[in-house]
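# Commentary on secondary and tertiary structure
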Amino acid sequence: TLLNVLTNTFSEVASYEFTTLTCIPGVIQYKGAKIQLLDLPGIIEGAKDGKGRGRQVISTARTCNLIMIVLDCLKPLTHKKLIEKELEGFGIRLNKRPPAITFKKKERGGLSIMSTVPLTQMTEELVRAICKEYKISNADIHFRCDATPDDLIDAIEGNRVYIPCLYVMNKIDQITIEELDLIDRMPNACPISAHHRWNIDSLLDKIWVMLNLIRVYTKPKGQLTDFSEPVVIRADRATVADFCNRIHKSILAQYKYAWVWGVSVKHNPQKVGKEHQLQDEDIVQIVKNI
């Protein structure tokens, strides 16, 4: 399986489908980061309703930062649609952003519907009808996007999770170059052969990009930069304050300023505050209040 290739963990492999029966964890070592990979049992039709221990499998997937769906190149679309339908039914939205809808219940005052953009896919009557279905008669609804009825339902339900998804197209050794070219055009897809270990480097790189991770190196005062153990943080939560909290919660209480070397600053080094946004492979030295 892919787990065997990416990590040094053993997961049973056979020529038939659904050989993984339990959740098997492994760790990918990449760019100095340790990324945990969970090999989950295959999802069958009706998994969202509890078939084949589907609820346990999908509830584990809800907690992940990235979902990788491993598909057989010989029959990709059938399996892709089936798995997507099961995940959607359990409130997982793949490769989507949360709709820009503010939904707030209130005690009285009826329904207040506002929109800062034209709604081409819904009328006010439809919005009221959907709210009526949910027995909601008092609420403020503010649309900041051209929402669909499904977007409004997701906002009302409030329990949806939005997770990036990478489609791993396996067994490319069994298809033609023309077929491979078509698969390569699929968005958020990476063709590989786990058996021959083809294109695994490209897969690791896509995992890194979709997880949106960056490496930040530490430089203790009077010492050389430690390139062996980078601090790995998400690019959208990469201020100096986030970096400090990643090392230890107590650092910010003594924080005075930081010196930064790298692409995020104009001068090397540059003195910055805790709100400074870091970028990949920056070097940081924290100066504390004594």
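Residues numbered from 1 in each chain as written. Predicted model: local features only at pLDDT ≥ 70, side-chain atom pairs only at ≥ 80, totals over all residues. Heavy atoms only, no water.

## Considering the pattern of salt bridges
Under the counting rule described, the total for this entry stands at 13 salt bridges. With its nearest N and O atoms 3.9 Å apart, the salt bridge here joins Asp205 to Lys31. Remark: Lys31 occurs in the loop between β1 (24–30) and β2 (33–39) and Asp205 occurs in helix α7 (residues 200–211); sequence separation between them is 174 residues. Overall, Lys31 belongs to the partly exposed group, its relative accessible area being 31%. (Salt bridge = Lys/Arg side-chain N within 4 Å of Asp/Glu carboxyl O. Helix = DSSP H or I, 4+ residues; strand = E, 2+ residues; numbered from the N terminus. Buried < 20%, exposed > 50% of the residue type's maximum accessible area, 1.4 Å probe, protein only.)

## What to know about the packing of helix α4 (residues 124–133) against helix α5 (residues 149–157)
Axis separation between α4 and α5 bottoms out at 11 Å; the angle between their running directions is 40 degrees. The pairing of α4 with α5 is recorded here as oblique in orientation. Once α4 is placed against α5, the crossing between them reads as right-handed. Facing Leu126, Val127, Ile130 and Cys131 of α4, the residues of α5 in contact are Pro149, Leu152, Ile153 and Ile156. Partitioned by chemical class, the residues of the contact of α4 with α5 number eight nonpolar, no polar and no charged. (Axes fitted to C-alpha atoms, helices over the stretch in contact; angles between N-to-C directions. Parallel < 35°, antiparallel > 145°, perpendicular 65-115°, else oblique. Left-handed = near helix turned anticlockwise from the far one by under 90°. Contact = heavy atoms within 4.5 Å. Nonpolar A, V, L, I, M, F, W, Y, C, P; charged D, E, K, R; others polar.)

## Notes on the nonpolar core
Leu6, Ile28, Leu166, Leu203 and Ile207 are the most contacted members of the largest nonpolar core, which has 24 residues in total. Sorting elements by how many residues they give to this core places α7 first, with seven residues. Residue contacts for Ile28: discarding those within four places in its chain leaves Leu6, Thr7, Ala33, Lys34, Ile35, Leu37, Leu204 and Ile207. Among the nonpolar cores identified, the runner-up in size contains 20 residues, and Ile67, Leu94, Ile163 and Met186 belong to it. (Core = buried A, V, L, I, M, F, W, Y, C linked by side-chain atoms within 4.5 Å.)

## Side note on unusual backbone geometry
The omega angle of the peptide bond from Asn268 to Pro269 is -5 degrees, so this bond is cis rather than trans. Within the secondary structure layout, Pro269 lies in the loop between β13 (255–261) and β14 (270–272). Residue Asn95 is not a glycine yet carries a positive backbone phi of 50 degrees. By the element assignment, Asn95 lies in the loop between β4 (92–94) and β5 (101–105). For Asn95, a relative accessible area of 31% translates into the label partly exposed. A positive phi angle is found at Asn188, which is not glycine, with a value near 55 degrees. Along the polypeptide, Asn188 turns up in the loop between α6 (177–184) and β10 (189–191).

## Digging into the packing of aromatic side chains
Both the distance between ring centres and the angle between the ring planes are used here to describe each pair of aromatic rings. For the structure shown, the criterion picks out three aromatic pairs. Pairing Tyr30 with Trp208 gives two aromatic rings, centres 6.0 Å apart and planes at 70 degrees, and the pair type is edge-to-face. In this pair, Tyr30 is assigned in strand β1 and Trp208 in helix α7, connecting sequence segments 178 residues apart. Like Trp208, Tyr30 is buried. With a centroid separation of 4.9 Å and an interplanar angle of 65 degrees, the aromatic rings of Tyr217 and Phe227 are classed as edge-to-face. Here Tyr217, found in strand β11 (residues 213–218), pairs with Phe227, found in strand β12 (residues 226–234); they are ten residues apart in sequence, far enough to count as distant. (Phe/Tyr/Trp six-rings, centres within 6.5 Å; stacked < 30°, edge-to-face > 60°.)

## A closer look at the environment of Ile136
Inspection of the secondary structure assignment puts Ile136 in the loop between α4 and β7 (139–143). Overall, the relative accessible area of 9% leaves Ile136 in the buried class.

In short, shape yes, function no, at least from these values alone.
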